[in-house]
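Residues per chain are reported as follows:
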Amino acid sequence: MPSLEVDHDQLFFQSTKEDRGWYFVEYHPPISGYQFATLQLVILEKGKGLDEIAESMEAELAIWLERYPIPIMVSAFDDSGDVLRLENSRGCDHLVGYIDKQTHKVAREWRLLANEDLPRDALDTSYLREIYSQIPYKTKQQLREEGQQKAKHLRLGWWIVFVWAVVVPAGVAILEWWSDWLGVVVLLYSVYKAVEKALRLMGKWPKSKVEIQKEAEEARMRHHHYHCERNPEGFERLKVENFERSAREQVREEALSLKRSMGRDASDG
C-alpha cells in the first residue's frame, strides 16, 4: 500500500505500548501521508497456537479502533523480531481493519488492502491532532529545528577538540622558543618518554593492569579468529544465534520495563 502525497503538515507521533501478559502491543499512529496506523503484537511466551495469536490480533484490532478510529494494520512478531507466519491459520500474516462509514462497525480483512479501499481519515492532520490529543507528536519543522540544533552542538564540539588538539599544542610549541623554563620541562618530558619507550622495547617496563587485560583480550580474539577460519559454517550459526539472543534479551527487557511502568501507573491510580 504505497503512500499518498498530501499537502498538509507532517506529524510524527510517538508510539504507545501496553502489556498483555504473554505478549505486549505497540501502537504506531500513521506516518504522514499514509492511510493506516500499525499495531504490533510481540509474543513473549513459547508454545502459543497460531489461532490463539490470530484471535488476540483480532481482539486488539477492535480495542484500538474503538480508541483511535483510524485504519490499522496488525502484525505479530516473536521475541527475536521475526514476523509470525499465519497463512495456515488465516491465509495472511497481516490483519487490516477500519470503521465502516455506513455500518459504523469494525470491518476487518486478513489481507493487505489498496489505498482506495481504506477511509482517508488519516490524511486529515486536524483530525489526527484531535483523536491523538493524548499522544505527543512533533512536526517536520520541529524535527528540522532539532536537527539544526544538534548539528550546531556537534560543530561546537568539533571546534573544542580542534582547539585542544591543534591550537594548544601549537601555542606550547611557540612558547618553547620564548621560555627557557618551559623548554627545560619539555626536554625532560621528552627524555622521560624516550626512556620509557626504550624500556618497553626491551620488555623491562612494568605493564599496567589495563595493558595486561588488553593483551589477554587480543589473545582471545586471535584464538577465536583462528577457530572461525577453521569452521566458517559454525561461525555463521553462532552469529545468527547471538543476534537472536540479543534481540530476545532486548524484547524481554522492554517487556519487563513495560510491566513495571504499568504497575506504577496502576498503584498511582
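For clarity, every value in this text was computed on a predicted model and none was experimentally measured. (Residues numbered from 1 in each chain as written. Predicted model: local features only at pLDDT ≥ 70, side-chain atom pairs only at ≥ 80, totals over all residues. Heavy atoms only, no water.)

Pulling in residues and values, what's your account of the overall build of the protein?
Looking only at helices and strands, one finds seven helices and eight strands in the protein. Every one of the 269 residues in the protein was classed for burial, and the buried ones make up 28%. Of the contacts made within the protein by residues no fewer than 6 positions apart, 58% connect residues no fewer than 24 positions apart. When the accessible surface of the protein is split by element, carbon and sulfur atoms take 56% of a total near 18,600 Å². (Helix = DSSP H or I, 4+ residues; strand = E, 2+ residues; numbered from the N terminus. Buried < 20%, exposed > 50% of the residue type's maximum accessible area, 1.4 Å probe, protein only. Contact = heavy atoms within 4.5 Å. Areas by Shrake-Rupley, 256 points an atom, 1.4 Å probe, with all protein chains shown as cover.)

Any details on the pairing of strand E2 (residues 16-19)? Residues and values, ideally.
The side chains of a regular strand alternate, first on one face of the sheet and then on the other. Two strands pair when backbone bridges link them, and E2 and strand E3 (residues 23-28) are joined in this way by four bridges, in the antiparallel orientation. When the sheet's bridge partners are listed, Glu18 is paired in E3 with Val25. Here E2 hands over to E3 after three residues, with Gly21 in that stretch at a positive phi of 90°. (Pairing = 2+ DSSP bridges.)

So what about the environment of Glu55? Which residues, and what values?
Positionally, Glu55 belongs in helix H1 (residues 50-67). Residues Glu55 and Arg90 lie 35 residues apart in sequence; the distance between their C-alpha atoms is 9.9 Å.

Pulling in residues and values, what's your account of the pattern of salt bridges?
The tally for this structure, following the rule as stated, stands at twelve salt bridges. With its nearest N and O atoms 2.9 Å apart, the salt bridge here joins Arg20 to Glu18. Classification of Arg20 by relative accessible area gives partly exposed; the value is 24%. Note that Arg90 is salt-bridged to Asp51, the shortest N-O span being 3.3 Å. With Arg90 in helix H2 (residues 87-90) and Asp51 in helix H1, this residue pair connects regions lying 39 residues apart in the sequence. Residue class for Asp51 comes out partly exposed when judged on its relative accessible area of 44%. Several salt bridges share partner residues, and in doing so they unite Glu18, Arg20, Glu60 and Arg67 into one network. (Salt bridge = Lys/Arg side-chain N within 4 Å of Asp/Glu carboxyl O.)

Which residues make up the packing of aromatic side chains, and what are the values?
A complete count under the given rule lists eight aromatic pairs for this structure. Considering the side-chain rings of Tyr34 and Phe36, the 6.0 Å spacing of their centres and the 90° angle between planes classify their relative orientation as edge-to-face. Cation over ring: Lys48 sits above Trp22, and NZ or CZ is 4.8 Å from the ring centre. Over the aromatic face of Trp64 sits the side chain of Arg67, whose NZ or CZ is 4.2 Å from the ring centroid. (Phe/Tyr/Trp six-rings, centres within 6.5 Å; stacked < 30°, edge-to-face > 60°. Lys NZ or Arg CZ within 6 Å of the ring centre and 35° of its normal.)

Any details on H1? Residues and values, ideally.
Counted at 1.5 Å a residue, the expected span for H1 with its 18 residues is 26 Å, and the 26 Å between its end C-alpha atoms agrees. For H1, the set of buried residues is Ile53, Ala54, Ser56, Met57, Glu58, Glu60, Leu61, Trp64 and Leu65. (Expected span 1.5 Å × (residues − 1).)

Residues and numbers for the nonpolar core, please.
Grouped together as the largest cluster of nonpolar side chains are 30 residues, with contacts concentrated most on Tyr27, Leu41, Met57 and Tyr132. Elements supplying a minimum of two residues to this core: strand E1 (11-13), E3, strand E4 (37-43), H1, strand E5 (72-77) and helix H3 (125-131). Take this core: its biggest share by element is six residues, from H1. Dropping the residues within four chain positions of it, Tyr132 is found in contact with Phe13, Tyr27, Pro29, Pro30, Ala37, Tyr68 and Ile70. (Core = buried A, V, L, I, M, F, W, Y, C linked by side-chain atoms within 4.5 Å.)

Help me get a handle on the confidence of the model for the protein, residues and values and all.
For the protein, mean pLDDT is 77; residues scoring 70 or higher make up 66% of the total. In the predicted structure, residues 1-8 sits below a pLDDT of 50 and forms 21 contacts with residues beyond four places in sequence or in another chain. (pLDDT = per-residue confidence, 0-100.)

So what about the pairing of E5? Which residues, and what values?
Within E5, six of the six residues are buried, leaving the element largely enclosed by the surrounding structure. Each parallel crossover has a hand, and the one from E4 via H1 to E5 is right-handed. Of the pairings in the sheet, the one linking E5 to strand E6 (residues 95-99) comprises three bridges and is antiparallel in character. Among the inter-strand pairings, Ile72 is bridged to a residue of E6, identified as Gly97. (Right-handed = clockwise from strand over helix to strand, strands pointing away.)

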